Amino acid sequence: MSITTVVFDLGQVVVDWNPALAHADLTPQQHAEIAEQIGFYAYNLRADAGETWSDLDAEVAERWPEHAGFLSTYARNFPTALIGEIPGTSAVIEELADAGVRILGLTNWSSETFPHAATAIGVLERFDAVVVSGEVGLIKPDPAIYRYLIAAHEVDPGEAVFVDDREENVTGARRLGFAGVHFTDAVALRRDLVALGLPLQPA
């Protein structure tokens, strides 16, 4: 069966992201040490699942008073953490959209910071829709978020491919019937999509 829909993760697939850049007052090493101490990436995932940054920052302040404000600073300065589009991915999306392939997004992203995405991701305008985890209170690789995408946007998994930089998220999509592509770079992405029959120029 031919692929009619390509579903893209956004972070590290379409747009590059470095949370340390939101803390101009810290060196990369200082940021890494604090992030490890408080478990920044676990907190980030909770924000992606729908918790507010202010509530998460209050929890950090209670447990590590010396790092009060770390998370709220990150959220406030979030636009500086978005480096720009991943080289080559936007060209793939443009080609697919021009060929009439439906483009959707499925991203683990805080609802509070997602509004900044459009500025950093010019190609976002070619997406028919984006499901944002923080807006729906579900998060990859929970099967429920794939089912939400399927129901909300009338996706036939047998006619769709899901692209993500995290293997567990690709595996989650495959379990629901999607073809899956583990993203490493745009050259490999193009090759993998061509192999699935998508209308792209070969890499």
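The following refers to the structure shown.

Structural notes on the overall build of the protein chain
Part 1 of the reasoning: Helix and strand counts for the protein chain come out as 10 helices and seven strands.
Part 2 of the reasoning: If you line up the protein chain on its principal axes, its C-alpha atoms span 55 × 30 × 25 Å.
Part 3 of the reasoning: Here the protein chain holds 203 residues, and 47% of them are scored as buried.
Part 4 of the reasoning: Surface accessibility of the protein chain: about 9,400 Å² in total, with carbon and sulfur atoms responsible for 51%.
Part 5 of the reasoning: Across the protein chain, the 12 positively charged side chains and the 30 negatively charged ones have centroids separated by 5 Å.

Regarding the packing of helix 2 (residues 40-48) against helix 3 (residues 53-63)
Part 1 of the reasoning: One way to put it is that helix 2 packs onto helix 3 with a least axis distance of 10 Å and a crossing angle of 150 degrees. What the angle tells us is that helix 2 and helix 3 run roughly antiparallel. With respect to the hand of their crossing, helix 2 and helix 3 are arranged in right-handed fashion. Contacts between helix 2 and helix 3 involve Tyr-43, Asn-44, Arg-46 and Ala-47 from the former and Trp-53, Leu-56, Glu-59, Val-60 and Arg-63 from the latter.

Examining the layout of surface pockets
Part 1 of the reasoning: If you add up the space inside the largest pocket, you get close to 560 Å³.
Part 2 of the reasoning: Around the largest pocket, the lining is made up of 24 residues, and of these Trp-17, Asn-44, Asp-48, Asn-108 and Arg-166 lie nearest the centre.
Part 3 of the reasoning: In terms of residue count, helix 2 provides more of the lining of the largest pocket than any other element does, four residues in total.
Part 4 of the reasoning: Among the residues forming the lining of the largest pocket, the class breakdown is nine nonpolar, eight polar and seven charged.

Details of the pairing of strand 7 (residues 179-182)
Part 1 of the reasoning: Bridge analysis of strand 6 (residues 160-164) against strand 7 gives four bridges, and the strand direction is parallel. Across the sheet, the residue bridging to Val-163 is Val-181, located in strand 7.
Part 2 of the reasoning: Viewed along the sheet, the connection from strand 6 through helix 9 (residues 167-175) into strand 7 turns out right-handed.

So, the side chain of Asp-48
Part 1 of the reasoning: With respect to the secondary-structure elements, Asp-48 resides in helix 2.
Part 2 of the reasoning: Here Asp-48 occupies a buried position and makes no salt bridge, while the nearest side chain of opposite charge, Lys-140, is found at 8.4 Å.
Part 3 of the reasoning: At 3.1 Å, the side chain of Asp-48 forms a polar contact with the backbone nitrogen of Ser-110.
Part 4 of the reasoning: With sequence-adjacent residues up to four places away left out, Asp-48 is seen in contact with Asn-108, Trp-109, Ser-110, Ser-133, Gly-134, Leu-138 and Ile-139.

Focus on the environment of Ala-47
Part 1 of the reasoning: One can find Ala-47 in helix 2.
Part 2 of the reasoning: Considered as a pair, Ala-47 and Ser-111 are 64 residues apart in the sequence and their alpha carbons are 8.0 Å apart.
Part 3 of the reasoning: Leaving out residues up to four positions away in the same chain, Ala-47 has contacts with Trp-53, Leu-56, Ser-110 and Gly-134.

A look at the packing of helix 5 (residues 89-98) against helix 10 (residues 186-195)
Part 1 of the reasoning: It is the contact of helix 5 with helix 10, at a shortest axis distance of 9 Å, that shows an interaxial angle of 30 degrees. Taken together, helix 5 and helix 10 sit at an angle that is classed as roughly parallel. Of the residues in helix 10, those in contact with Thr-89, Ala-91, Val-92, Glu-95 and Leu-96 of helix 5 are Ala-186, Leu-189, Arg-190 and Leu-193.
Part 2 of the reasoning: Of the residues belonging to the contact of helix 5 with helix 10, the class tally is six nonpolar, one polar and two charged.

About the thresholds
Residues numbered from 1 in each chain as written. Predicted model: local features only at pLDDT ≥ 70, side-chain atom pairs only at ≥ 80, totals over all residues. Heavy atoms only, no water. Helix = DSSP H or I, 4+ residues; strand = E, 2+ residues; numbered from the N terminus. Buried < 20%, exposed > 50% of the residue type's maximum accessible area, 1.4 Å probe, protein only. Areas by Shrake-Rupley, 256 points an atom, 1.4 Å probe, with all protein chains shown as cover. Lys, Arg positive; Asp, Glu negative; His and termini not counted. Charge placed at Lys NZ, Arg CZ, Asp CG, Glu CD. Axes fitted to C-alpha atoms, helices over the stretch in contact; angles between N-to-C directions. Parallel < 35°, antiparallel > 145°, perpendicular 65-115°, else oblique. Left-handed = near helix turned anticlockwise from the far one by under 90°. Contact = heavy atoms within 4.5 Å. 1 Å grid on protein atoms, 1.4 Å probe; cavity = no way out; pocket = protein on both sides within 12 Å on 5 of 7 lines; lining within 4 Å. Points joined across faces, edges and corners; volume = space filled by probe spheres on them. Nonpolar A, V, L, I, M, F, W, Y, C, P; charged D, E, K, R; others polar. Pairing = 2+ DSSP bridges. Right-handed = clockwise from strand over helix to strand, strands pointing away. Salt bridge = Lys/Arg side-chain N within 4 Å of Asp/Glu carboxyl O. Polar contact = N/O pair within 3.5 Å; in protein donor to acceptor, adjacent residues only side chain to side chain.

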